[in-house]
Amino acid sequence: SIGAVRSQCTRWATPPRCPRRVTRMPPRSVPKRSKQRPARANTPAEIVEGIAAIREEIRKRSPESRFILMAVLPREHEPGRWLRKSVAEVNRLLAQRFGSDASVTLVDIGTRFLQPDGKLPVELMPDGVHPSDAGYQFWADALIQAGVKP
């Protein structure tokens, strides 16, 4: 899995700088979770461009692989906050960029985390960023329901 680091860090770890990570055993699918903190260091467009560059590098080394891309989960408990808006823009750009690409499966489960009023439950993400144990279980269940197999 490539996903718990910023896109530029992942790009640094892909070939030609680190060829064995991708070429050792070509995967059938490559999961990529979009970064948790968009807009703090990069714009939504820069984040999507970074993800596209990672995808292209992996495709060069493993053209038969499918790319499973998970949209950014909602952040901050209250709707309308600046980070929530940035996350929505990243996800919109991801859908625009990868939505019609047959080699990419875009999985967006973010709305499943939200209550009908748009609030992010404290029980799932106590600090508005990191999932609780219940949040991780909810996340896993939502991925399975979306068709991502463990």
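Remarks on the overall build of the protein
And then number 1: Secondary structure assignment for the protein yields five helices and three strands.
And then number 2: Relative to its 150 residues, the protein shows a buried fraction of 41%.

Looking at the nonpolar core
And then number 1: Counting 15 residues, the largest nonpolar core has V48, I51, F67, L69, V90, L94 and F98 as the members making the most contacts within it.
And then number 2: Broken down by secondary-structure element, the contributors of at least two residues to this core are α3 (44-61), β2 (66-70) and α4 (82-98).
And then number 3: A total of six residues in this core trace back to one element, the largest contributor, which is α3.
And then number 4: Counting 11 residues, the second-largest nonpolar core is a separate cluster that includes L73, V107, L124 and A142.

Brief notes about the environment of A134
And then number 1: Of note, A134 is situated in helix α5 (residues 133-145).
And then number 2: When the C-alpha positions of A134 and L124 are compared, they lie 5.8 Å apart, and in sequence the two are 10 residues distant.
And then number 3: Dropping the residues within four chain positions of it, A134 is found in contact with E123 and L124.

Points about the pairing of β2
And then number 1: Here β2 runs beside strand β3 (residues 104-107); their pairing, made up of four bridges, is parallel. Paired with F67 across the strands is V104, a residue of β3.
And then number 2: Remark: the β2/α4/β3 crossover connection has right-handed handedness.

Focus on unusual backbone geometry
Glycine aside, residues mostly have negative phi, and peptide bonds are mostly found in the trans state.
And then number 1: The residue E76 is not glycine, and still its phi comes out positive at about 70 degrees.
And then number 2: If you trace the backbone, E76 turns up in the loop between β2 and α4.
And then number 3: By relative accessible area, E76 is classed as buried at 17%.

Section: the packing of aromatic side chains
Where two aromatic rings form a pair, the distance of their centres and the angle of their planes describe that pair.
And then number 1: All told, the structure shown has two aromatic pairs when counted by the stated rule.
And then number 2: Aromatic side chains F113 and F138 sit 4.9 Å apart centroid to centroid with 75 degrees between the ring planes, which places their arrangement in the edge-to-face category. Of this pair, F113 sits in the loop between β3 and α5 while F138 is found in helix α5, placing the two residues 25 residues apart along the sequence.
And then number 3: Residue classification places F113 among the buried positions, given a relative accessible area of 1%.
And then number 4: Look at Y136 and W139: their rings are 5.7 Å apart centre to centre, the planes differ by 15 degrees, and that puts the pair in the stacked class. One end of the pair is Y136 and the other is W139, both in helix α5 and three residues apart, which spans about a single turn.
And then number 5: Taking the relative accessible area as the measure of exposure, Y136 reaches 45% and is therefore partly exposed.
And then number 6: The exposure class assigned to W139 is buried, which follows from its relative accessible area of 10%.

Basis of the calculations
The residue numbers shown here count from 1 along each chain, following its written sequence. A pLDDT threshold of at least 70 governs which residues receive local features in this predicted model, and a stricter bar of 80 or more applies before side-chain atom pairs are shown or counted, although totals over entire chains, interfaces and linings include all residues. Hydrogens are left out, water is left out, and the side-chain values use all remaining heavy atoms of the structure. Each helix corresponds to a stretch of at least 4 residues labelled H or I by DSSP, and each strand to a stretch of at least 2 residues labelled E; elements are numbered beginning at the N terminus. Each residue is assigned to one of three classes by its accessible area relative to the maximum for its type, calculated with a 1.4 Å probe on protein chains only: buried under 20%, partly exposed between the two thresholds, exposed over 50%. Among buried residues, those of type Ala, Val, Leu, Ile, Met, Phe, Trp, Tyr and Cys that are joined through side-chain atoms within 4.5 Å constitute a nonpolar core. Any two residues whose heavy atoms approach within 4.5 Å are treated as being in contact. We call two strands paired when DSSP finds no fewer than two bridges between them. By convention a crossover is right-handed if, when the strands point away from the viewer, the path from the first strand over the helix to the second runs clockwise. Each aromatic pair joins two rings of Phe, Tyr and Trp (for Trp, the six-membered one) with centres within 6.5 Å, and gets the label stacked for planes under 30 degrees apart, edge-to-face for over 60, and tilted for any other angle.

Nothing here speaks to function; it is geometry throughout.
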